[in-house]
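Listed here are the chains, written in short residue letters.
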Amino acid sequence: MARRLALATLLVRDYDEALAFYVGTLGFTLVEDTRLSAEKRWVVVSPGTGASLLLARASGEEQVAQIGHQAGGRVGFFLETDDIARDLADWRAKGLRVLREPAEQPYGTVAVFADLYGNKWDLIQPAG
């Protein structure tokens, strides 16, 4: 049986502000936005290929405390691009916070940015 990672959950403070960032700033595609109850929605965004993100509004103190700290301060998300300079220029113009400028690594060129909650992401342009 073939398997693939389909979704990863990302805790968010508010569905609409998260959509504004992931769709409006990063250019992800809104795959689904289904209301499940008066307070809960099933919101999925995709960077285009690979796993998608389920944007889950945090509920309760424990979940709210984890917003922006999903990987304990480490880079927790990895996004590949075919043009790191293009993407960073576009995203900076939209207010993206770059934490580490692009640097060459054995596997490609990598920069680190923060999402709207402070989660760290690697933007990688693979070598070759």
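Criteria and cut-off values
Residues numbered from 1 in each chain as written. Predicted model: local features only at pLDDT ≥ 70, side-chain atom pairs only at ≥ 80, totals over all residues. Heavy atoms only, no water. Helix = DSSP H or I, 4+ residues; strand = E, 2+ residues; numbered from the N terminus. Rg over C-alpha atoms; globule rule 2.2 N^0.38 Å. Salt bridge = Lys/Arg side-chain N within 4 Å of Asp/Glu carboxyl O.

Trainee: Looking at this structure, I do not really get the overall build of the protein chain. What am I missing?
Mentor: Looking only at helices and strands, the protein chain has three helices and eight strands in total. Tracing the protein chain from N to C terminus, the helices and strands come up as β-α-β-β-β-α-β-α-β-β-β. In summary, the protein chain has a C-alpha radius of gyration of 15 Å against a globular reference of 14 Å for 128 residues, a match within 12%. For the protein chain, the C-alpha atoms occupy an extent of roughly 45 × 35 × 25 Å along the three principal directions.

Trainee: Mind showing me how you'd approach the pattern of salt bridges here?
Mentor: Where charged atoms of side chains with opposite charge meet at close range, the side chains can pair. Inspection of every chain in the model, using the stated rule, returns seven salt bridges. Here Asp 16 and Arg 41 are joined by a salt bridge, their closest N and O atoms 3.2 Å apart. Placement of the pair is Asp 16 in helix α1 (residues 15–25) and Arg 41 in strand β3 (residues 41–46), with a sequence separation of 25 residues. Its salt-bridge partner being Arg 86, residue Asp 82 comes within 2.8 Å of it at the nearest N-O pair.

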